[in-house]
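Architecture and fold: a report
One letter stands for each residue in the lines below.
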Amino acid sequence: MSFDPDTDMMYFGVGNPAPDYFKKVRPGTNPHTDSVVALDCKTGKLIWAKSEVDEDEWDYDAGSTPMVVNAKVGNKKRKAVVHGGKNGKWYAWDAKTGDTIYDGVPFVKIKHTSPPTDKNKAVLQWPGTEGGQNYAPETYDPKSNYVLIPGINKPSLSVGAKDISDIEERDGLFPGTEILPTPKDVEISGTITAIDMNTGKKAYQNKTKQPMRGGFTSTATGLAFYGELDGTVNALDIKSGKVLWNMNSGGAQIMMAPSIYVQDGKQYVVYVSGTKVIAYGLGGNKTVTPAKDPQGSGKETEANHGSSGNKEKDKKQPANNSVNAEAIYKKSCASCHGGNLEGSVGPDISHVGRTMSEEDILNQIINGSGRMPGNLVKGDQAKALAKWLSQKK
């Protein structure tokens, strides 16, 4: 959540209504879901709430943290709460009253219909389940009066449940929906969109090769630092939209905004990737080394996990006798199922061996089902992972 000491209010995003993709069982607007909500910090009293999606059928929860800014709006200073939704639209409200300032500025491709119940009739829904903006943070630059939005141009093939019994048969695993594999010929990318707070209009939009999952950290000099899924790190001039500096970090899957700090009079920018931590500073002279394969082979490896949108060649699978199933789990599964199998955005699988055989688990890993994509782990690694998980009872 975000806190504002002037209004003494807190602001946070609210999740989507459940079950997903099945509004028949929850008719109406489902108030306060998919919303940005403002509460009085001392009492917890609801001050205002603004919904971004009525009758959500696409899992467009308000995932990112709202940002409180003191900006020029209509040539006057105004405190606003801004937020990019998973629905691919950006909003701004008056921080104190909740009055709408800008209502739904599109920043990615938007094209969706009610998900069909027949797999053969499924069509691409834009944005997909990752949303137009996921958890990645926006940033605001007072000098230019611009807000930067990290965008995701990635669709999903969504299938809704036929009836309530269909939902119950899913045994609590993301009830109400199934996500089919995205066709290989679909272009997946990201966007960096600058919104002028004075007008609510786009100042510019840059296209990125991969979805923007990391978000921005900006400086008083008008720079925005961000990382990408392929491990590239960048410094952007917020006013012009020009990338002034970038390099390969040697890591992979940067999915968070960098930290910036000062020590002994020197400023550092630190990125955390899925495989390593990298620090940069003026006058830096260290050589960036590629991350090592977590299976312990010592071989260099490229990013190939965390986003099915990466169009990369499959890595060669190691021999079965060198596979570390626990390391594979931490690399490919922990982000959804938790570091200790306790569940996160995915279900708790700490006792999965009680209800699923090794063969069933292997089939799930390879083919996927529901929201779980298939083929994140393949070959001998998939077999070793399935055997390891089948022993969790």
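Reference entry: report on the structure contained in this document. The model shown is predicted, which means the values in this text are computed figures rather than measured ones. Residue numbers run consecutively from 1 along every chain, following the written order of its sequence. Side-chain atom pairs in this predicted model are given and counted only at pLDDT of 80 or more, local residue features only at pLDDT of at least 70, and totals for whole chains, interfaces and linings cover all residues. Side-chain figures throughout are based on the complete set of non-hydrogen atoms in the structure, without hydrogens or water.

Two strands make a pair as long as DSSP finds a minimum of two bridges between them. In this description a helix means any DSSP run of H or I spanning at least four residues, a strand means any run of E spanning at least two, and both kinds are numbered starting from the N terminus. Across the sheet, which stays open at both edges, the four strands sit in the order 10-11-14-15 with antiparallel pairing between neighbours. Because the sheet does not close on itself, it has two edges, and the strands there are strand 10 (139-141) and strand 15 (201-208). Along the sheet, successive strands turn relative to each other by an average axial angle of 25°, direction set aside. Of the pairings in the sheet, the one linking strand 14 (residues 189-196) to strand 15 comprises seven bridges and is antiparallel in character. Paired with Gly190 across the bridge in strand 15 is Thr208. All axes are obtained by fitting lines to C-alpha atoms, using only the stretch in contact for helices, and the reported angles, taken between N-to-C directions, cover 0 to 180 degrees.

Packing of helix 2 (residues 325-332) against helix 6 (residues 379-390) brings their axes to within 9 Å, and their N-to-C directions diverge by 100°. Overall, the two elements helix 2 and helix 6 adopt an arrangement that is roughly perpendicular. Here Ala325, Glu326, Ile328 and Tyr329 of helix 2 lie close against helix 6, whose contacting residues are Gln381, Ala384, Leu385 and Trp388. Ten residues, namely Ala, Val, Leu, Ile, Met, Phe, Trp, Tyr, Cys and Pro, are considered nonpolar, four, namely Asp, Glu, Lys and Arg, are considered charged, and the remaining ones, Gly among them, are considered polar. Each residue belonging to the contact of helix 2 with helix 6 can be placed in one class, and the counts come to six nonpolar, one polar and one charged. Throughout this description, any angle smaller than 35 degrees is read as roughly parallel, any larger than 145 degrees as roughly antiparallel, any in the 65 to 115 degree range as roughly perpendicular, and the remainder as oblique. Contacts were defined at the residue level, with two residues in contact if any of their heavy atoms lie within 4.5 Å.

A separate point is the packing of aromatic side chains. For Phe, Tyr and Trp, where Trp contributes only its six-membered ring, two rings pair if their centres lie within 6.5 Å, and the inter-plane angle classes them as stacked under 30 degrees, edge-to-face over 60, or tilted in between. Scanning the model with the defined rule gives eleven aromatic pairs in all. Each ring, one from Tyr11 and one from Trp48, has its centre 5.9 Å from the other, and the planes form 45°; the classification is tilted. With Tyr11 in strand 2 (residues 9-13) and Trp48 in strand 4 (residues 46-51), this pair connects stretches of sequence that are 37 residues apart. Considering the side-chain rings of Phe216 and Tyr226, the 5.5 Å spacing of their centres and the 75° angle between planes classify their relative orientation as edge-to-face. Pair noted here: Phe216 is in the loop between strand 15 and strand 16 (217-218) and Tyr226 is in strand 17 (residues 223-227), with a separation of ten residues, a long-range link. Here Phe216 and Tyr226 have matching classes, each one buried. Here the aromatic cluster, defined as three or more aromatic residues joined through ring pairs, consists of Tyr11, Trp48, Tyr91 and Trp93. For the exposure calls, accessible area comes from a 1.4 Å probe over protein chains only, and a residue counts as buried if that area is under 20% of its type's maximum, exposed if over 50%, partly exposed in between.

To continue, consider helix 2. Residues of helix 2 that are buried include every one of Ala325, Ala327, Ile328, Tyr329 and Ser332, and no others. Where helix 2 begins, the capping side chain belongs to Asn324, and its oxygen is found 3.1 Å from the backbone nitrogen of Glu326. N or O atoms within 3.5 Å of each other form a polar contact, as long as, within protein, one can give a hydrogen and the other can take it, and as long as residues adjacent in sequence are counted only when both atoms are side-chain atoms.

Take the pairing of strand 11 (residues 146-153) next. Burial runs high along strand 11: eight of the eight residues are buried. Residues Tyr146, Leu148, Pro150 and Ile152 line one face of strand 11 and the alternating positions Val147, Ile149, Gly151 and Asn153 line the opposite face, and both faces are buried. In this structure, strand 10 lies alongside strand 11, joined through three bridges in antiparallel fashion. Residue Tyr140 lies in a different strand from strand 11, and its bridge partner there is Val147. The turn joining strand 10 and strand 11, which pair antiparallel and follow one another in sequence, is formed by four residues; a positive phi near 65° is taken by Asn145. Bridge analysis of strand 11 against strand 14 gives eight bridges, and the strand direction is antiparallel. In the sheet register, Leu148 faces strand 14, and the bridge partner there is Ala194.

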